[in-house]
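Summary of the model geometry
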Number of protein chains: 2
Amino acid sequence: MEVHTTQCCILMGFLCLLYPWSQVCEWREPEELAALLDLELRENGEPQHQLLQRIRDVAKYSVKTNHPRFFNQLFAGVDYHALTGRFLTEALNTSQYTYEVAPVFVLMEDEVLSKLRSLVGWAEGDGIFCPGGTMSNMYAMNVARYRAFPEVKLKGLWSLPRLAVFTSQQSHYSVMKAAAFQGIGTENVFKVKVDDRGCMIPEDLGETIELAKSQGAVPFFVHATSGTTVQGAFDPLEPIADICDRQGLWMHVDAAWGGSVLFSKEHKHLMRGVERADSVTWNPHKMMLTGLQCSAILLKDTTHLLKHCHSADATYLFQQDKFYDSSLDTGDKSIQCGRKVDCLKLWLMWKAVGSKGLEERVDRAFAHTSKYIENIFFSHFYLTYVFCFCSVEQPLFVNVCFWFIPPSLRGKENSPDYNDRLSKVAPVIKERMMKQGTMMLGYQPQGGRVNFFRMIVISPQLSHQDMTFCLNEIERLGNDL
Amino acid sequence: MEVHTTQCCILMGFLCLLYPWSQVCEWREPEELAALLDLELRENGEPQHQLLQRIRDVAKYSVKTNHPRFFNQLFAGVDYHALTGRFLTEALNTSQYTYEVAPVFVLMEDEVLSKLRSLVGWAEGDGIFCPGGTMSNMYAMNVARYRAFPEVKLKGLWSLPRLAVFTSQQSHYSVMKAAAFQGIGTENVFKVKVDDRGCMIPEDLGETIELAKSQGAVPFFVHATSGTTVQGAFDPLEPIADICDRQGLWMHVDAAWGGSVLFSKEHKHLMRGVERADSVTWNPHKMMLTGLQCSAILLKDTTHLLKHCHSADATYLFQQDKFYDSSLDTGDKSIQCGRKVDCLKLWLMWKAVGSKGLEERVDRAFAHTSKYIENIFFSHFYLTYVFCFCSVEQPLFVNVCFWFIPPSLRGKENSPDYNDRLSKVAPVIKERMMKQGTMMLGYQPQGGRVNFFRMIVISPQLSHQDMTFCLNEIERLGNDL
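Small disclaimer: the values here were computed from a predicted structure and weren't measured.

This part takes up the domain arrangement of chain A. Residue and element names in this part refer to chain A. Here chain A is partitioned into domain 1 (95–340) and domain 2 (349–478). Placing the centre of domain 1 and that of domain 2 at their C-alpha centroids yields a distance of 30 Å. On the domain 2 side, the residues contacting the 30 residues of domain 1 number 27 residues. Carbon and sulfur atoms make up 68% of the surface buried where domain 1 meets domain 2, a total of about 2400 Å² over both sides. Across the salt bridge formed by glutamate 359 and lysine 265, the nearest N and O atoms sit 3.0 Å from each other. Linking domain 1 with domain 2 are 9 residue pairs in polar contact (both at pLDDT 80 or more), by the criterion used here.

Quick look at the pattern of salt bridges now. On inspection of all chains with the given rule, the structure shows 71 salt bridges over all chains. A salt bridge links glutamate 90 of chain A to lysine 340 of chain A, with the shortest nitrogen-to-oxygen separation between them at 2.6 Å. Taken together, the residues span a long stretch of sequence, with glutamate 90 of chain A in helix 4 (residues 80–92) and lysine 340 of chain A in the loop between helix 11 (305–310) and helix 12 (344–379) at a distance of 250 residues. Assigned by exposure class, glutamate 90 of chain A and lysine 340 of chain A land together as buried. Salt bridges here are not isolated pairs; linked through shared partners, they connect Asp38, Glu40, Arg42, Glu46 and Arg54 of chain A together with Lys351 of chain B.

Our next topic: the relation of the copies chain A and chain B. Its rotation angle being 180°, the transformation that places chain A on chain B also includes 0.0 Å of axial translation and leaves an RMSD of 0.0 Å. The superposition of one copy onto the other is thereby described by a two-fold rotation axis. Among all C-alpha atoms of chain A, that of glutamine 182 of chain A lies closest to the rotation axis, at 2.0 Å. When the interface residues of chain A are mapped onto chain B, 100% of them again lie at the interface, so the same face is used by both copies.

A few words on the packing of helix 6 (residues 133–148) of chain A against helix 8 (residues 174–181) of chain A. Residues and elements named next belong to chain A. Relative orientation of the contacting elements helix 6 and helix 8 amounts to 55°, with a least axis distance of 9 Å. Put simply, helix 6 runs oblique to helix 8. Crossing geometry of helix 6 relative to helix 8 is assigned as right-handed. Between helix 6 and helix 8, the residues in contact are Thr134, Asn137, Met138 and Met141 and Ser174, Val175, Lys177, Ala178, Ala179 and Phe181, respectively. Class assignment of the residues belonging to the contact of helix 6 with helix 8 gives a composition of 6 nonpolar, 3 polar and 1 charged.

Right, let's get into the sheet that holds strand 8 (residues 295–299) of chain A. All names here are of chain A. With mixed pairing, the 7 strands of this open sheet are ordered in space as 2-8-7-6-5-3-4. Every other strand in the sheet has two partners, leaving strand 2 (126–130) and strand 4 (189–192) as the edge strands with one partner each. Averaged over neighbouring strand pairs, the angle between their axes works out to 20° when direction is ignored. Here strand 6 (residues 250–254) pairs with strand 7 (residues 279–282) via 3 bridges, running parallel. Of the residues in strand 7, the one forming a bridge with histidine 252 is serine 279. Here helix 5 (residues 103–120) sits on the sheet in contact with strand 2, strand 7 and strand 8, set at roughly 115° to strand 2.

A word on the UniProt feature "modified residue: N6-(pyridoxal phosphate)lysine" (unreviewed entry) in chain A. All names here are of chain A. Sites flagged by UniProt as "modified residue: N6-(pyridoxal phosphate)lysine" (unreviewed entry) map to Lys286. Note on placement: lysine 286 falls in the loop between strand 7 and strand 8. Look at lysine 286 and you get buried, because its relative accessible area is 15%.

What follows covers unusual backbone geometry. Trans peptide bonds make up most of the peptide bonds, and negative phi angles are found at most residues other than glycine. Residues and elements named next belong to chain A. The omega torsion across leucine 292 and glutamine 293 is 0°, close enough to zero to call that bond cis. As for its placement among the helices and strands, glutamine 293 is situated in the loop between strand 7 and strand 8. One non-glycine residue, asparagine 93, lies in the positive phi region at around 35°. Following the sequence through the fold, asparagine 93 ends up in the loop between helix 4 and helix 5. Relative accessible area serves as the criterion here: at 8%, asparagine 93 is assigned to the buried category. Within the chain, aspartate 313 stands out as a residue other than glycine whose phi angle is a positive 50°. Structurally, aspartate 313 is set in the loop between helix 11 and helix 12. Classification of aspartate 313 as exposed rests on a relative accessible area of 52%.

It is worth spelling out the side chain of threonine 225 of chain B at this point. Take threonine 225 of chain B: it is sitting in strand 5 (residues 218–225). The class of threonine 225 of chain B is buried, set by a relative accessible area of 2%.

Glancing now at helix 2 (residues 30–37) of chain A. For the α-helix, the turn length of 3.6 residues means that residues three or four positions removed from each other point alike. All names here are of chain A. Every buried residue of helix 2 is accounted for by Pro30, Leu33 and Leu37. Viewed along the axis of helix 2, the buried residues span an arc of 65°, placing them on a single side of the element. With respect to the buried face of helix 2, the exposed residues turned more than 90 degrees away are Glu31 and Ala35. A positive phi of about 45° marks aspartate 38, the residue just after helix 2.

The rules behind each value
- Here, residues in each chain are numbered from 1, in the same order as that chain's written sequence.
- Whichever chain is written first becomes A and whichever ligand is written first becomes 1, with later ones labelled in order.
- Residue-level local features of this predicted model are given only where pLDDT is at least 70; pairs of side-chain atoms are given and counted only at 80 or more, and the full residue set underlies all totals for whole chains, interfaces and linings.
- No hydrogens and no water enter the side-chain calculation; it runs on all heavy atoms of the structure.
- Where each domain begins and ends follows an automated or database-derived domain assignment.
- Here, two residues are considered to be in contact whenever any of their heavy atoms come within 4.5 Å of each other.
- Once two parts are put together, the accessible area they lose, assessed with a 1.4 Å probe and summed over both, is termed the buried area.
- Think of a salt bridge as a Lys or Arg side-chain nitrogen and an Asp or Glu carboxyl oxygen that are within 4 Å of each other.
- For this analysis, a polar contact is any N or O atom pair within 3.5 Å, provided that within protein one partner can donate a hydrogen and the other can accept it, and provided that sequence-adjacent residues contribute only side-chain to side-chain pairs.
- Here a strand is any run of E in DSSP of at least two residues, a helix any run of H or I of at least four, and the numbering for each starts at the N terminus.
- Here's how the labels work: a residue is buried when its accessible area is under 20% of the maximum for its type, exposed when over 50%, partly exposed in between, all with a 1.4 Å probe on protein chains only.
- Here the copies were fitted onto each other by least squares, based on C-alpha atoms from residues at pLDDT of at least 70 in both.
- For helices, the axis comes from a line fit to the C-alpha atoms of the stretch in contact; other axes are also lines fit to C-alpha atoms, and the angle between any two N-to-C directions lies between 0 and 180 degrees.
- Reported orientations rely on four angle classes, namely roughly parallel under 35 degrees, roughly antiparallel over 145, roughly perpendicular from 65 to 115, and oblique for the rest.
- Each crossing gets its handedness from the near helix: less than a right angle anticlockwise from the far helix is left-handed, clockwise is right-handed.
- Note on residue categories: nonpolar means Ala, Val, Leu, Ile, Met, Phe, Trp, Tyr, Cys or Pro, charged means Asp, Glu, Lys or Arg, and polar means any other residue, Gly included.
- Strand pairing is assigned whenever DSSP identifies at least 2 bridges connecting the two strands.
- UniProt positions are given in the numbering used here, feature names are shortened, and annotations may be inferred rather than shown by experiment.
- Note that the arc is computed from the directions linking the helix axis to the C-beta atoms.

Laid out in C-alpha cells, this is it:
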C-alpha cells in the first residue's frame, strides 16, 4: 500500500517539476497562504487523495526557482543529472562519516574534492563538503586560527591575543557571522576599501593590517572574495597573496559564487593567483546548478590540519581497531556528526557532461550576461544605468546591476530629492512583479548607491525571448512611476 | 532529450530503492571499489547507458540503510511519505531564508517547529532547523553565551571571563566540537559523572559547578542529554533544572536521539522536566525516519534572542523596505546564509500518519526492543550479557548494548586476560558480518567496558524473523572464537 501511494506521490512531484509553469511565483499574502495550505498537524493522518492535493499545493505556491525568469538569487535553473543524483542521495539516505556506512560516497567525495582542487591549481591538499558557503567560510577561519594558535582548541580564546580578520567592504556577511559565532567578535573584523567595481584595494589591505596591529590586535586571516554577492567583483588575488606571504597570514578565498569560472579557459583569469591561497570556498550549487546544498571548503594543507583542528575521536564511530584503514573515516574532519551526502549530484552531473560541458555552461552564462548588458545599452539605455562590469564585450561576471529610471525622474539627476525618489522605484516594481508572478529579480542599496536591481544570469534554460521579456517587463511595471 | 534521460534515471533510482536487497551491504576493499565505480571525472561526458550503469553501481555498493537488518546508526528504515517530501524538496530547490523565495516553507517551518515545541510543553518560543544535531547543539551554546554576555558578539571572548560548560561523561562529542569551534576550548567543558545506566548524577553536577567556580571559571551552560548515543540514557531533567534555576544557568537538553519519546504517552516520562529547559535539540531524522537531514533547535525564549545573536542584516537579502512583513524573512536567525528546506519531509509524513501514527512508531520501537532483550535473555543468555536497560518489560530506550561471549571465553570471567580477549571479539564479528553483508550493527568500548555491541532498534520494517536472524547470526559468526 505504502509503495503504491509513494509511486503516485513521486510521479506527482516529478510532474510538478516538468509542468510548464507560466508564472515564476503565485503570490499569496501569508495569512491567505497559510489557510490555503492548511498547515496544521493533527492527531490523525489523511487519506491519499488529500496528500496528493497537499503535494500539488506545495508545488503550486512555491517559487519556481528553475523557471528561466528566476534571476533573484545566486542559484537558478535545473540540471536533470544533478537532480537524479539528489533523488538517489535521498533514496539511499546515509551519513557521510565512515567508509563503513558510506563506502561509495567516501571515495566519491575524495575524487570530487581532488578534481576541484586541481582546478584551483593544487596537486594535493584537503577538503570537505559543508552545508553551505557560510559554513565553509567558518571552517577556513577556524583552521587558520588553529594553525596560528593550536592551543585554542583546548584552552579557548582566553589563551590568545586579540585576533584580527581582514575582508573587503563588499564581502559576504558570513565573515561577520563567523567572527561572532567563533568568539572573535565582529569588531575584530577589519573592512578593507574597494574600488568602483567592488574589488578589494590591496594597498588599503596593507594599511588596514598596520592599523589593526597599532591597536594591539594580531592579524591572522585575510578573507578575499572571488565573485561578490551583489556586484560580482573579483578581488585581485596576486597582490593580496603577496601581502599574506609577507605578513605570514592565512589567505582564504571565498569563491562560493565565483569559483566556477575556474572551469573556463576564457574566464579563469578572474581568479589569477588563487593557487597561492591557503583555502577556497566553492559552491557548485550556485553557478553549476547542482541544487542546494553543495559547498566545498578546499585546503592546500597536507598536514591534516582539518582533522587535528576538528576531531573529537568519538569511540562509538571512529573505532581505531576497525578491519579497514580508519583514515577512510573522514567524518572527524567535520564539525558535524551526521553529514548529508553532497557529492553525488555533482559527480553524476560531471560524469554526464564532462568538464567540457561545465565549461560551456560558464561560458554561456557570460555570453548571456553580455547580451543583456548590450540590450540594456542599446535598446533601453534611455531608461537605465548599468554598472558593475568592465565592458560590454567582457562583463566582470554574471551579476547585472542597474537602476530603472522611471519617466518622472528622467533628466532630473540634479534634483535634490532624486536619490530619495529613485530608492523607492525598485521596491515598487519588485512588489508588482511578485504579485503578477511574471519574473523575479532582486534589489538592494549598497554603499552610496540607493536601491538598484541585481539580475543573476546563469540559468541554461534562458532564451532570448526571456531576456527581452524581462527588460520590457520592467518598463511596463514602472512606466507610471 | 534531457527529460527522457531523467525519467529513466529517476525510475532507476526508485527501483534501486524498492529492489528487495538480500544483503545490507556488498563489501569491497577501497581500491577495488574505486576501480569498480570508475570515479574519475573527465573532459568529456558519458552516454546515457553508461550513466544508468553508474547509478546502478552507486546503489549496489552503497549500504542499504533502509534494510531491516541495518542496526548500525541512530537512523534506519524508510518512510515513503517523508521520502516523497524529500524528492519534492529537491525538485523545488529553494533556500529557506526569505518569504519571497520560500513562502510555503517559511510558514511550514513555523508550524512544524511550533508543534514540536508544544510536545516539549511550550505554548510559545522560537527555533530553526539546522544541518544536523551538532549544529543545533552549537546554536544552543551560542545563544546561551549571548544571553549571558551580549557583548561577545561585537567584542569576542576577550571581553568575557573564562566560561564553563557542563555535560555528562556520556554526552555526545558535539559538546566538545562546539566548545572548540566557538572559541571556548575543550578544557572548559566539565564532565559530570554518570550512574551505571549512563544518566547524569545531579549531585555531581552541583559539585562540578562549584569546582569550576573555584578554578575561576564562570558557569553559563548545562548540556543535559535525553537519549545518549551509546547507552540511550536519559539524564534526570527535574533535578538538573533545579540546579540550573538556582545557579541561573542556561539549561539545554540534547534530545537529538531521545526527543521522539515525546510523541508517546507511554514513554514521554523519560523526559519529565524538559519544559523547564531553555533549549532542546531534536532530530526527527533519527527515530522518526524523515531521512537526513532534519534537526531542530527549539527555544523557550520569546525575546528574539536567536535573531539578535545571529543576525548580520545583509541588505541584499533582508531589505527592510519590502512590501510584506519582513519578520517573515527568518533566514537571519541562522548562522547559515543559504539553508536547505528540512521541514517538508517531516510535515508531509506527519500529515500522512498523524501524531497518532508517530506515537505508534515510537511505541513499536520500544516493543521491538523489549522483544530483543527478552530473546537475548531467554534464548541466548548463556552467550551474552545485556546491559543498559531498566527491566525486560521496560527497556530504558531502543539501544540494546551487549557483549557476545564466544565459546572460548565462557566461564572464564576471572582470567586475567578476559577483558583483553573479549575486547577483540566484536571487531572480528563486525568484520565478518560486513564482508558477508548479512547485517550491520556497531560496537565500541565505553568507560571501563571493553568493546560491546550496540544495536539500534527503530526500523518499522523489522520483522520477527529479522530479529531472530540477527541473534543467530552473531552466534554463527562468532562460534569459533
